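One-letter residues, chain by chain:
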Amino acid sequence: MNTKKKTMTGADIFFESLRKEGVEKIFGYPGGATIKLYEKLYDVKFLEHILTRHEQGATHAADGYARVSGKVGVVLVTSGPGATNTVTGIANAYMDSVPLVIFTGQVPSHLIGNDAFQEADIVGITRPITKHNFLVRDVKDLASTIKKAFYIAATGRPGPVLVDLPKDVIAAECEFEYPETVEIRGYKPTLKGHSNQIKKAAEVIRNAKRPLLYVGGGVIMANASKELTEFAKKNNIPVTNTLLGLGSFPGTDPQFLGMLGMHGTYYANQAVSNCDVLIAVGARFDDRVTGNTKTFAKEAYKIHIDIDPTAIDKNVAIDLPIVGNAKEILTELLKELSDKPREEAWFKQIEDWKDACPLEYKRPDNELRTQFVIEKISEKTKGEAIIISDVGQHQMWIAQYYKFNNPRSHVSSGGLGTMGFSIPAAVGVAFAIKDRPIVSISGDGGFQMNMQELITAAYHKLPIKFFIMNNCFLGMVRQWQELFHEEKYSFTDLCDSNPIFTKIGTALGIESFSTYNPDEVEELLDKVFAINDRPVLVEFKVAKEDLVFPMVPSGGSISDMIHKRINPKGKK
Amino acid sequence: MKHTISVLVENTFGAFDRVATMFSAKGFNIHSISIGETEQKDISRMTIVTSGDKQLIDQIVKQLNRLIDTIKVSELTGQARTERELALITVSFHKGGIEEIKNINDIFRGKIVDINNKTMMLEVTGPPEKIDAIINVLMPFGIIEMARSGTVALKRGEQIRPKNEYVNKK
Ligand SMILES: Cc1ncc(C[n+]2csc(CCOP(=O)(O)OP(=O)(O)O)c2C)c(N)n1
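Residues numbered from 1 in each chain as written. Chains lettered and ligands numbered in written order. Predicted model: local features only at pLDDT ≥ 70, side-chain atom pairs only at ≥ 80, totals over all residues. Heavy atoms only, no water.

## Let's talk about the site of the ligand
All names here are of chain A. What counts, and what does not: Nearness here has a simple test: a residue counts as near a molecule or strand if at least one of its heavy atoms is within 4 Å of that partner. Whenever a nitrogen or oxygen atom comes within 3.5 Å of another N or O atom, the pair is scored as a polar contact, on the condition that within protein one atom can donate a hydrogen and the other can accept it, and that pairs from neighbouring residues in sequence are kept only if both atoms are in side chains. In this text, helices come from DSSP runs of H or I with a minimum length of four residues, and strands from runs of E with a minimum of two, each type numbered from the N-terminal end. Residues are grouped as follows: Ala, Val, Leu, Ile, Met, Phe, Trp, Tyr, Cys and Pro are nonpolar; Asp, Glu, Lys and Arg are charged; every other residue, Gly included, is polar.
Inspection of the region around the ligand gives 17 residues, with Gln393, His394, Gly417, Gly446 and Gly475 positioned closest. Here Gly417 contributes a backbone N or O atom positioned 2.8 Å from a nitrogen atom of the ligand. Between the ligand and the protein, one listed contact pairs an oxygen atom with a backbone N or O atom of Phe473 at 3.0 Å. When residues of the shell around the ligand are traced back to their parent elements, those giving at least two are α17 (393-401), α19 (444-447) and α21 (475-484). Per-class residue counts for the shell around the ligand are 7 nonpolar, 9 polar and 1 charged.

Okay, here's the thing in structure tokens:
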């Protein structure tokens, strides 16, 4: 053994390891099991610790930070309730493949399993919602475990990795040596696509008469938006996005068809249903996208490019899989194919669908509508803002009406659909992005699920616009109740119980506005977008019983969409 | 159709649990699962018997491969292999029945490992179908208790492996 090296405590090793990983921000909340780490943190200069107001908030903040920066988001919480509070955030990151490393304190090793004070088996609890997790049992394994955790979180299909740190391990001492490289014999993320498969794909696409690109969040995660856009443009292939794929291709481009699936555009869904070659890239054929899988793109030869072999053939049978990193595969594909001529008949057909059923809503007569507000925000920010949505109707309207021009600009809880995501995620975003407008948009329901993080935003003077689309209802659930559940509006009416949102904002030190008037929107947006040194809050009192259209009823074929109210309520 | 999948996993805390959790989280069937040491002490071998159509089995194999703690996943169904299971079966007998049970035991080449004046315990090993068969035959006598080990399996034929195939590099 090398006796020259001096020994360090687990706490020192922890921070030295984070330094080696280049960690700059860490979102956390202290407690008994992590008190020694916080003691060290007091003097740590190389990273910024952000104290959120809830561990769920810390996890979503790290998630937002990771999505827009492309770095690994880091969380530090205490044992027991601190750890269990991160569960929703971890599940959320897992479903959307966001790289996080979550450090949880744990009771001392000798007490594990004893129902000790603030003990929770967080490794057991999070096993199905992490890409991998570790319990560090010996301080000698600490550095190498941290190295592995970051490596696993960031490579392959990214995801959250949890590291559980017993209190005695943090206090114990050993020599510190940070491994230069990691090799895990059971983990070899495939990177390069098979070259024969790529050649074959190029051949199939070259001969396609009605090709379509179906692009998901994987392209954004792989930083492959540039390659994707180039491939689509040079080969004249129209593009549709999943919710998480928005931003991977310019939203204003004429080749762009908008989102597909349940609340996708009519023309995107028609294009999917009628294309002859479907090229899925970094997308996973989720049920909200496919509707009835038996009829999904049933005409089409299906090519699927994805880093995760389990995504292939999972929901829909694939003709030609290419497993690997989207950026590398698209680069290779471009070498094989970059001059496919425009299929005029196909584009004409798509134009016809667009004309027949464009995205539309009734212009505001007297009532304010969320669609209108989103459209205005899109115009005002020229598609350059970062929009962090919550979950519900407003989320779908953002996907429909905001024209995202850049990757890593649309932050949304896609897979898990976690209400209460937007506010804390926006806090994380604001710690990564300094030069673009940041807009958090929530419904009145979801706003109330993590509004404690407004305090974090106010304290740090984060220039976030917190917009509430207050329709007095849990709108998305109300929509289903109206359309499919006999208009039994069971526990979705918030009209009598909502707080006064502007007063909440004011109480927390955030300048707050409210409007119900469509004519005021422009001016108000000008005003709040001019404020760049602190958060602001705006409540938009929007139409109460609006519905998101078009819509594919759950499990239906995506070629069969409903476009207006089916219940004879006489509402527009 | 039943499929036998052999999985080499890290012999670490939680590796078994991770596999079991994945099966239940994904709703995959497990007929039997067994785990034990291999010739390499830091690696365990799990033998999983499951069922499903080809697409499902492919998905199971991929999901197993995706776990960080799994080192090698092989689908043994359709390959030359040997599968064995061990069962301990306690049967009750009445006067005279003892001879009959002994005969059955002989046919299946089992061992009588415990006996008293009401029950006896048989130990039988063999392919899982053989265990199914003896259980069937013994059923009418009254099986009091039974324990099956689950299937273990290995590929047959010469297996040449590089010496350091699964060495964990630092
Ligand atoms: C944590 C959580 N609980 C419940 C739900 C179910 N849910 C989905 S959308 C929705 C309504 C959201 O209402 P609101 O936040 O007001 O937004 P709106 O749909 O009105 O835009 C609910 C309750 C969920 N997605 N997440």
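## Some thoughts on the domain arrangement of chain A
Residue and element names in this part refer to chain A. To keep it simple, the criterion reads: Bear in mind that the domain bounds are from an automatic or database domain assignment. Contacts between residues were defined by any pair of non-hydrogen atoms, one from each residue, lying within 4.5 Å. A quick way to say it: buried area is the sum, across both parts, of accessible area lost when two parts are put together, with a 1.4 Å probe. Salt bridges are identified by distance alone: a Lys or Arg side-chain nitrogen within 4 Å of an Asp or Glu carboxyl oxygen.
Per the domain assignment, the segments of chain A are domain 1 (7-175), domain 2 (195-356) and domain 3 (370-541). With centres defined by C-alpha atoms, the gap from domain 2 to domain 3 works out at 30 Å. Listed as interface residues are 17 residues of domain 2 and, on the opposing side, 17 residues of domain 3. Counting the surface lost from both domain 2 and domain 3, the interface buries some 1400 Å², and carbon and sulfur atoms represent 61% of this. Sorting the residues of domain 2 by area buried against domain 3 places Leu243, Leu246 and His263 first, and these three jointly supply 38% of that buried surface. Taken together, the connections running from domain 2 to domain 3 amount to 0 salt bridges. Seen at the junction of domain 2 and domain 3, the total is 8 residue pairs in polar contact (both at pLDDT 80 or more). Looking at the side of domain 2 that touches domain 3 residue by residue, the class counts come to 9 nonpolar, 6 polar and 2 charged.

## As for the packing of helix α1 (residues 10-20) of chain A against helix α7 (residues 142-154) of chain A
All names here are of chain A. So the rule is basically this: Geometry is summarised by axes, namely lines fitted to C-alpha atoms with helices restricted to the contacting stretch, and by angles between N-to-C directions that run from 0 to 180 degrees. The hand of a helix crossing depends on one turn: near helix anticlockwise from the far one by less than a right angle means left-handed, and clockwise means right-handed.
Contact pair α1 / α7: the axes reach a minimum separation of 9 Å and the direction vectors enclose 30 degrees. Note that α1 runs across α7; the crossing there is right-handed. In contact with Gly10, Ile13, Phe14, Ser17 and Leu18 of α1, α7 contributes Leu142, Ala143, Ile146 and Phe150. Looking at the contact of α1 with α7, its residues break down into 7 nonpolar, 2 polar and no charged.

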